[in-house]
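# Summary of structural features
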Amino acid sequence: MKVLSRQEDIHQFKDEILALCDEDASRCVQCGKCTASCPIAPEMDLKPSQVLRHIQINSSKPVLQCSTIWLCASCETCSSRCPEGIEIATLMDTLRKVAIEEGLAMGQKQIVAFDEIFLDSIKRYGRVHELGLVMRYNMASRQPLKDAHLGLLMLGKGKLSLFAHGIRDRATIREIFRKSRRFFGK
Amino acid sequence: MTELSQDEKIKIMTYSEVLEVKGFVGNFDVMIRKKPRYIDETKCTGCGECIEKCLTFAPNEWELGLGKRKAVYKPFVQGIPNVPVIDPEVCGYFTTGLCNVCSKICEADAIDYNQKDEYITEKFGIIVVATGFDQLDTSVYGEYGGGRFKDVITGLHFERMLDTSGPTGGHVIRPSNYKEAKRVVFIQCAGSRDEVKGMPYCSRICCMYTAKQAILLKDHVPDSQSYVFYIDIRTAGKNYEEFYKKAQREAGAIYIRGRVSKIYEKGDQLVVRGADTLIGEQIEVEADLVVLAAAAVPRDGAKELAKMLNIPHDTYGFFSEAHPKLQPVESVTRGVYIAGACQFPKDVPDSVATTGAAAVKACSILSQDELTIDPKIAYVDTELCSGCLNCVQVCPFDAIRAEVVDGKDVASIVQSLCHGCGNCASTCRTKAANVRGFSDDQIYAQISAPLFSKRGGER
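Cut-offs and rules
Residues numbered from 1 in each chain as written. Chains lettered and ligands numbered in written order. Predicted model: local features only at pLDDT ≥ 70, side-chain atom pairs only at ≥ 80, totals over all residues. Heavy atoms only, no water. Helix = DSSP H or I, 4+ residues; strand = E, 2+ residues; numbered from the N terminus. Contact = heavy atoms within 4.5 Å. Lys, Arg positive; Asp, Glu negative; His and termini not counted. Charge placed at Lys NZ, Arg CZ, Asp CG, Glu CD. Rg over C-alpha atoms; globule rule 2.2 N^0.38 Å. Buried < 20%, exposed > 50% of the residue type's maximum accessible area, 1.4 Å probe, protein only. Areas by Shrake-Rupley, 256 points an atom, 1.4 Å probe, with all protein chains shown as cover. Axes fitted to C-alpha atoms, helices over the stretch in contact; angles between N-to-C directions. Left-handed = near helix turned anticlockwise from the far one by under 90°. Nonpolar A, V, L, I, M, F, W, Y, C, P; charged D, E, K, R; others polar. Pairing = 2+ DSSP bridges.

What follows is about the overall build of chain A. Along its length, chain A carries 11 helices and 1 strand. Seen in sequence order, chain A has helices and strands lined up from the N terminus as β-α-α-α-α-α-α-α-α-α-α-α. In terms of overall dimensions, chain A has a C-alpha envelope of 60 × 35 × 30 Å along the principal axes. Within chain A, counting contacts between residues at least 6 apart in sequence, those at least 24 apart form 65% of the total. Across chain A, 28 positive and 22 negative side-chain charges occur, with their mean positions spaced 7 Å apart.

See below:
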């Protein structure tokens, strides 16, 4: 049960998010239009409007551990439909960053792992090396032979390459990663 | 109010009660009981010395028991006339006969312990009923403490606390220990929209006054935090939604959608257990003070007054309008108007609007020499009337009187009261009573026309 105690500043989490992305969850009137418009809502454990509600009552843990923020595809339908003009997709993005920072148990570990491997590939080569991505992800998710038969087929047709092809100007990519280190310390 | 009391065309009778109403529009005979103040209004200068020196205290009704008053008192600061009243229930003179301090010190010699009820009968043209509403007694809610917790109060108590001339001088305190209240939980619909313990209707004013109180709380106690439990927020009115959002955004009020299931004590604080239905979880809030938005209910005695004025009321006791859309301030009795929250819970703008409407309706009748009414009303053929007066009993508007014509008793219609319902006409055994335009012959003719004429042919 959520207990709103004397010691707790009920506005703390809301203010923290507000400072990070300039989106004020307290504006939300809980009309539910974001949930209604979200194409992935049926798969989410907390619906988008519930995420906003949790922020309103300073209930950060459920928000940072839910699957919602990781399942969000950032399609921004919610943002464009919100009658209060809250950029909910931006807010979800911020919540993902905070969740990584706080190091709490993730709602969707595999998605986080995928994101990390994907970004690592970008960081190294400036583009995705598909085979490397798939194999590393399969190792991380402990199912090394998943889709292996398709891999062979695609290799045969030249859809996958064995070696990574880096872009020319990798220094600029590295610069981007360096500048966004606040969120991606690794 | 003082300005009104000094207007020579306005006569205000305070501390008085209407006992009986007879007559009809333009000719009401009203009997009024003027209760004894035990102070001569014509002599009293309103200096207040008697109040100062009075030795006996009683709970202050105006402050809803939050403060005390003397046995001789003015009900509230702006009250008119500026004359105190002695409460014989507690006054030393009336209870023991030993005290007469006030009469001794009154320089104007205005104290008169021997005053008696005064009965006045006066003629009036129009009656406007504006008797207001009461708060539901929230002690029916055992889960909210049922009156056990001192720190569970109603919206009106809170309103008195916010008043700088109120019992706490404008400080929001916990009645249990007089310390400042920093965490306040407001509970909406305490009796409204509750078909079991309260009233089935929405009291309509609570959403807005709670938003106002949340904003004022932040003004009075800047480091306070308010929580509002609600079922729905109803902000139908000009600038109301904006005001409600101001309570959330500027005063930082946290609105929680769900009813409260119980309040319990933990140490010296209250814990409010409710649900946040938007996330589907139970929620508990630690609070210093809990404010219940008690349902608005009809005044005690509203039904008796309705009987006296011959106007209908609904099942709760709110007076009924003649037509819900087109005659919202008229009662079915001509010449009696209803204004403000005695008809249904209303906020200030609505009360002012209906009162203004009733006043103008009254003036439009009073300013004319003759009253124009619908011609389709009843009449009695005195030659046929047997004087049985059965019609008097069935008339819902009390519009039939007995009259002596040519030495015999007959029924007579008071034209300004009759609405042409036809009850008398259908009751009358001698066919003496009829409604103009709807006489028995006319009705029979109407029925026989379709029955006996040839289809499509000439009659």
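Moving on, there is more to tell.
Quick look at the overall build of chain B now. Helix and strand content of chain B: 12 helices and 23 strands. Taken over C-alpha atoms, the radius of gyration comes to 29 Å for chain B, far larger than the 23 Å a tight globule of 459 residues would show. When its C-alpha atoms are laid out on the principal axes, chain B stretches across 90 × 70 × 35 Å. Relative to its full complement of 459 residues, chain B shows a buried share of 43%. Accessible surface, chain B as shown: approximately 24700 Å² in total, 52% of it carbon and sulfur.

What follows deals with the packing of helix H8 (residues 109–125) of chain A against helix H9 (residues 130–140) of chain A. Between two packed helices, what matters for the description is the angle formed by their axes and the separation of those axes. Residues and elements named next belong to chain A. Viewed as axis vectors pointing N to C, H8 and H9 meet at an angle of 145 degrees, and their least axial separation amounts to 10 Å. Of the two possible hands of crossing, H8 and H9 adopt the one that is right-handed. Where H8 abuts H9, its residues Gln-110, Phe-114, Ile-117, Phe-118, Asp-120 and Arg-124 lie against Leu-133, Arg-136, Tyr-137 and Ala-140. Partitioning the contact of H8 with H9 into residue classes produces 6 nonpolar, 1 polar and 3 charged.

All right, on to the sheet that holds strand S11 (residues 183–190) of chain B then. Residue and element names in this part refer to chain B. The sheet built from 5 strands is open, its strands ordered S10-S17-S11-S12-S13 with parallel pairing. One side of each edge strand has no neighbouring strand; the edge strands of this open sheet are strand S10 (152–154) and strand S13 (254–257). Averaged over all pairs of adjacent strands, the angle between their axes in this sheet comes to 25 degrees, without regard to strand direction. With respect to the sheet, helix H5 (residues 155–162) is in contact with S10, S11 and strand S17 (289–294), its orientation differing from that of S10 by roughly 85 degrees.

The quantities given are spatial measurements derived from coordinates; they are silent on function.
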